[in-house]
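# Chain and residue survey
Here are the chains, one letter per residue:
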Amino acid sequence: MNKKPLFQRLLDGVEVAGNKLPNPAILFAILAAIVMVISHIAYLMGTSVTMPAYGSNPERLIEAFSLLSREGVAYMFTSIVSNFVGFAPLGIILVVMLGVGVAENVGMFSAMLRKAMLGASKKMVTIMVIFVALFSNVASDVGYVVVIPLGAAIFYAVGRHPLAGLAAAFFGVSGGFAANIILSTSDFLLSGITEQVVGYEILPTSNWWFLGASFFVLIALGYFITEKIIVPRLGEYKPGADVEIDANITEKPSEEERKGLRYAGWFFLGIVALLLLLILPPGSPMRNPNTGSLLQGAPLMKALVPIIMMLFLAPAIGYGIAVKKIKDSKDVVTAMTKSLQTMGSYMVLAFFAAQFIEYFKVSHLGDILAVSGADFLTNIGFTGIPLILCFIVLTAFINIFVGSAAAKWAMMAPIFVPMFMGLGYDPTFTQVAYRIGASTTNIITPLLPYFALILVFAQKYDKKASIGTIISLMLPYSLLALLVWSAFLVLWYFTGLPIGIGGAIHLPVV
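Read on for a plain summary of the structure. It should be emphasised that the depicted structure is a prediction, and the values quoted were computed from it without experimental measurement.

## Structural notes on the overall build of the protein
Per the secondary structure count, the protein includes 21 helices and two strands. In the protein, which comprises 510 residues, the proportion classed as buried is 52%. Once local pairs closer than 6 in sequence are excluded, the contacts in the protein between residues at least 24 apart make up 80%.

Structure (structure tokens):
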């Protein structure tokens, strides 16, 4: 019997250890309790940091807030409902699932995947999944809900292990979140924060060249990891007796299904035409009322979630009508209801995750961690490439505890942007280095708001899948992406090429 390579044995160990952790919902409850205790200890010790001034925000003292104080206990009890209802991923997931769930329940996804994928090269399927997953970040977090389960289903449809498809898609959606060949909402969010810090205009395109090139680097890297590490490790997929998967997903579409897909296409074109009438004309309700822009400050950017829902719902209704699974409006509502019923376990997880994330935020432990890490880098005396690499690693570490890229940058930019400017680095270069670290460890932290949802998707194919299963799958992507993407930035640094339109590595010489 051949002995497994050392790295595969290490991943097996990570999976075993991770699967010994409690149920994710209980884990979040335990973490919330730990935050309570640490916040009280930090409060008793008088722990505080100073957040530098930037833009219109003055310098301010941030002190640890005890969740076990009188005010803290009162806050925890009175905020439970608002924490849960205000948990951002929950609303996104439930709204998108109203459309996606109907498409799945009437069989449209199954027919589409079989028509598009059966007979395709297995390796090309891997590239396609990663490409679409990386591209999906233009719609912010919608990729978590749509692309990741599709990645698993596509792999299963072509006879490959579905968890390998899930891992490849998760890497593209989350591990490579910053990279894209077109602008996304995060480009506007982060450049806006950087602009506040420096006091002059920072264009959303300032990281475009580097991140556009990174898009293709990450496709190649994701393909290599999936084919050379993940697929061999998972082996042949053998669904358990308790796993329910569409039995027809490996069969070619029937004539009725092909008719359904034609109807779906017509309905899709119809809803696209309607949306374009709402979006494109000057003065449309989806444009910025002051500038007329469809990007910065436009309602369109906040309307992407319901738009995505409609783009799935309309063709799903057309498909359902053609295959006689939708005869009246009651059938549409029934399909929506059925899709949300499958989200019960996620909603329980989201309840506890929302409490933990809010407690961590209110305690100011994340702010203290970010500023303290910055002070550490300032004091060790590194410059040049070693400093840049340390900054990326620090960001990746903080990212494990603080999920929001914009929230982290709002904490870190006032510290690191002036520090790097003092060493001659352009703010846009510091920003792009931050984006590498803020992406690569998303996929290995159970504190990611969508991590519980990924686990729900995995359990569709493997009922025994747990936290350790996901972390062991994603660890090779995270480590190698951090290494390769950082090395690519170093290579770009030595070329001296601009990192985007309006972006540079070094400050211009005056």
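## Details of the nonpolar core
Core analysis: the biggest nonpolar cluster contains 155 residues, and Phe210, Tyr346, Ile388, Phe416 and Met474 have the highest contact counts within it. When residues of this core are assigned to their parent elements, the largest contribution, 15 residues, is made by helix 21 (residues 467-495). In contact with Phe416, not counting residues within four places along its chain, are Ala374, Leu377, Phe391, Leu394 and Thr430. Counting residues in each nonpolar core, the second largest holds nine residues, with Leu275, Ile279, Ala298 and Ala314 among its members.

## Structural notes on helix 15 (residues 344-362)
What sets the pattern is the α-helix's 3.6 residues per turn: residues three or four places apart point alike. Between the first and last C-alpha of helix 15 there are 27 Å, a value that for 19 residues agrees with the 27 Å anticipated at 1.5 Å per step. By the burial criterion, the buried members of helix 15 are Tyr346, Leu349, Ala350, Ala353, Ala354, Gln355, Phe356, Tyr359, Phe360 and Val362. Positive backbone phi, approximately 70°, marks His364, located one or two places after helix 15.

## Quick look at the packing of aromatic side chains
Any pair of aromatic rings gets described here by the distance separating the centres and the angle formed by the planes. Enumeration over the complete set of coordinates arrives at 25 aromatic pairs. Note on Trp208 and Trp209: the rings are 5.9 Å apart at their centroids and 10° apart in plane angle, and the pair reads as stacked. Pairing Tyr263 with Trp266 gives two aromatic rings, centres 5.4 Å apart and planes at 40°, and the pair type is tilted. A residue pair is termed a helical-turn pair when its members lie 3 or 4 positions apart in one helix, as Tyr263 and Trp266 do in helix 11 (residues 255-279) at three residues. For Tyr263, a relative accessible area of 27% translates into the label partly exposed.

## Points about unusual backbone geometry
If you check the backbone angles, Lys324 has positive phi at about 65° while not being a glycine. Inspection of the secondary structure puts Lys324 in the loop between helix 13 (304-322) and helix 14 (329-341). The class of Lys324 is exposed, set by a relative accessible area of 53%. In the Ramachandran plot, His364 falls in the positive-phi region, its phi being about 70° despite a non-glycine side chain. Assignment of secondary structure puts His364 in the loop between helix 15 and helix 16 (365-379). Looking at His364, the relative accessible area reads 27%, which means it is partly exposed.

## Overview of the packing of helix 15 against helix 20 (residues 451-459)
Interhelical geometry of helix 15 versus helix 20 gives an angle of 155° and a closest axis separation of 9 Å. By the angle between their axes, helix 15 is roughly antiparallel relative to helix 20. As helix 15 packs across helix 20, the resulting crossing turns out to be right-handed. Here Ser345, Tyr346 and Leu349 of helix 15 lie close against helix 20, whose contacting residues are Ala452, Leu453 and Val456. Of the residues contributing to the contact of helix 15 with helix 20, the split by class is five nonpolar, one polar and no charged.

## Some words on the environment of Ala179
Take Ala179: it is sitting in the loop between helix 8 (162-175) and helix 9 (185-198). Sequence separation of Ala179 and Leu218 is 39 residues, and the distance between their C-alpha atoms is 8.2 Å.

## Things to note about the environment of Gly86
By secondary structure assignment, the location of Gly86 is in the loop between helix 3 (70-85) and helix 4 (88-105). Counting along the chain gives 272 residues from Gly86 to Glu358, while the straight-line C-alpha distance between them is 10.0 Å.

## Here we look at the packing of helix 17 (residues 384-399) against helix 21
For the pair helix 17 and helix 21, the least separation of the axes is 11 Å and the interaxial angle reads 145°. Considering the relative orientation of helix 17 and helix 21, their crossing is right-handed. Contacts between helix 17 and helix 21 involve Ile385, Ile388, Leu389, Ile392 and Ala396 on the former and, on the latter, Leu482, Ser486, Leu489, Val490, Tyr493 and Phe494. Of the residues that constitute the contact of helix 17 with helix 21, the class distribution is ten nonpolar, one polar and no charged.

So, how was this worked out
Residues numbered from 1 in each chain as written. Predicted model: local features only at pLDDT ≥ 70, side-chain atom pairs only at ≥ 80, totals over all residues. Heavy atoms only, no water. Helix = DSSP H or I, 4+ residues; strand = E, 2+ residues; numbered from the N terminus. Buried < 20%, exposed > 50% of the residue type's maximum accessible area, 1.4 Å probe, protein only. Contact = heavy atoms within 4.5 Å. Core = buried A, V, L, I, M, F, W, Y, C linked by side-chain atoms within 4.5 Å. Expected span 1.5 Å × (residues − 1). Phe/Tyr/Trp six-rings, centres within 6.5 Å; stacked < 30°, edge-to-face > 60°. Axes fitted to C-alpha atoms, helices over the stretch in contact; angles between N-to-C directions. Parallel < 35°, antiparallel > 145°, perpendicular 65-115°, else oblique. Left-handed = near helix turned anticlockwise from the far one by under 90°. Nonpolar A, V, L, I, M, F, W, Y, C, P; charged D, E, K, R; others polar.

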